[in-house]
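Survey of secondary and tertiary structure
Chain by chain, the residues:
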Amino acid sequence: WKERLGGRGVRALQPAPGKQEFYFLHPETILERACDADPCTGNFQRWLDWVRRNRPAAGSLAAERWRAAFPNDIQPLLYLMDAAEKSDALKRAYEYMKLAERADGVHPEVRKARLRLLISMATRHLGQKKPLLAKPELDEIEALPQAQQGDRPAFVAALHCVLSAVGGRDEEAARFRADIERLLESRAAAAILLGSVAAASKQRAVHT
């Protein structure tokens, strides 16, 4: 083989200076190549875990590659949903949440995320004075089983009260305020809750 290489031996097989590949020195590259060579859930999990700890900016790439290989795996969808929510991309986070629901509709993180994201989207639209966009989100919140637990019906009523006030429907807002007082059995508590929801929606205090 030395003769075939013209007597240069193994040196002929070495890359030119500056073109050496030292991928084996970089764990991220090794993990990515492992996923290319053996695309299994375990390898993708190791890749995502590494970038989450060491280079979060690459997390979405790893999660998207995992999702493309295994569309029904919920872990990459939860990661992408959380990353989008943290960057305030609520609509994108909501779309990832719906994909996660298809993969595992009873997963506790998914169930909590639907309510949380709908509330964030609704309060944003109220803050932007876009009641027509907030209304279907509030209706969807109200229909969720989680929205019927504890004091949450009062919170939902407070959202509706702010929505009515934004739309200039004062009588309707007054009815919702009465509902809040009845549910909380306290006028003072109702005022505090309503003030908090109005502030979260970037609205002035609702006076009815």
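Please refer to the structure placed before this passage.
Let me sum up the structure you'll find in this document. The shown structure was predicted, so the numbers you read here are calculated from the model rather than taken from an experiment. In every chain, residue numbers begin from 1 and rise along the written sequence. Reporting of local features is limited, given that this is a predicted model, to residues whose pLDDT is at least 70; pairs of side-chain atoms are given and counted only at 80 or more, and all residues count toward the totals for whole chains, interfaces and linings. The side-chain quantities take in all heavy atoms of the structure and omit both hydrogens and water.

1. Focus on unusual backbone geometry
- Residue Asp88 is not a glycine yet carries a positive backbone phi of 70°.
- Along the chain, Asp88 turns up in the loop between helix H4 (74–86) and helix H5 (90–103).
- On the basis of relative accessibility, which here comes to 47%, the residue Asp88 falls in the partly exposed class.
- For Lys129, which is not glycine, the phi torsion reads 55° and is therefore positive.
- Numbering goes from the N terminus for both helices and strands, where a helix is a DSSP run of H or I of at least four residues and a strand is a run of E of at least two. Inspection of the secondary structure assignment puts Lys129 in the loop between helix H6 (108–127) and helix H7 (131–143). Throughout this description, buried means an accessible area under 20% of the type-specific maximum (1.4 Å probe, protein chains only), exposed means over 50%, and partly exposed covers the range between.

2. A look at the packing of H5 against H6
- Each axis is a line fitted through C-alpha atoms, and for a helix only the stretch in contact is used; angles between axes span 0 to 180 degrees, taken between their N-to-C directions. Remark: H5 packs on H6, axes separated minimally by 10 Å, with the N-to-C direction vectors making an angle of 155°. The angle between the axes of H5 and H6 places the two elements in the roughly antiparallel class. As H5 runs across H6, the sense of the crossing is left-handed. Taken together, the residues of H6 that come into contact with H5 (itself represented by Leu90, Ala93, Tyr94, Met97, Lys98, Ala100 and Glu101) are Val110, Ala113, Arg114, Leu117, Leu118, Ser120, Met121 and Arg124.
- For this classification, the nonpolar set comprises Ala, Val, Leu, Ile, Met, Phe, Trp, Tyr, Cys and Pro, the charged set comprises Asp, Glu, Lys and Arg, and every other residue, Gly included, is treated as polar. Residues of the contact of H5 with H6, tallied by class, amount to 10 nonpolar, 1 polar and 4 charged. Relative orientations are named as follows: roughly parallel for angles under 35 degrees, roughly antiparallel for angles over 145 degrees, roughly perpendicular for angles from 65 to 115 degrees, and oblique for any other angle. Handedness of a crossing follows from how the near helix is turned relative to the far one, being left-handed for an anticlockwise turn of less than a right angle and right-handed for a clockwise one. Contact between two residues is taken to exist if any of their heavy atoms lie within 4.5 Å; hydrogens are not considered.

3. Looking at the nonpolar core
- Side-chain atoms within 4.5 Å are what join buried Ala, Val, Leu, Ile, Met, Phe, Trp, Tyr and Cys residues into a set we call a nonpolar core. Counting residues in hydrophobic clusters, the biggest one holds 55 residues, and the most contacted among them are Met81, Leu117, Ile141 and Ile180.
- At 9 residues, the largest contribution of residues to this core is made by H6.
- Non-local contacts of Ile141, meaning those with residues more than four positions away in its chain, are made with Leu115, Leu118, Ile119, Ala122, Ala147, Val156 and Leu159.

In short, the description is geometric, and any link to function would need to be established separately.
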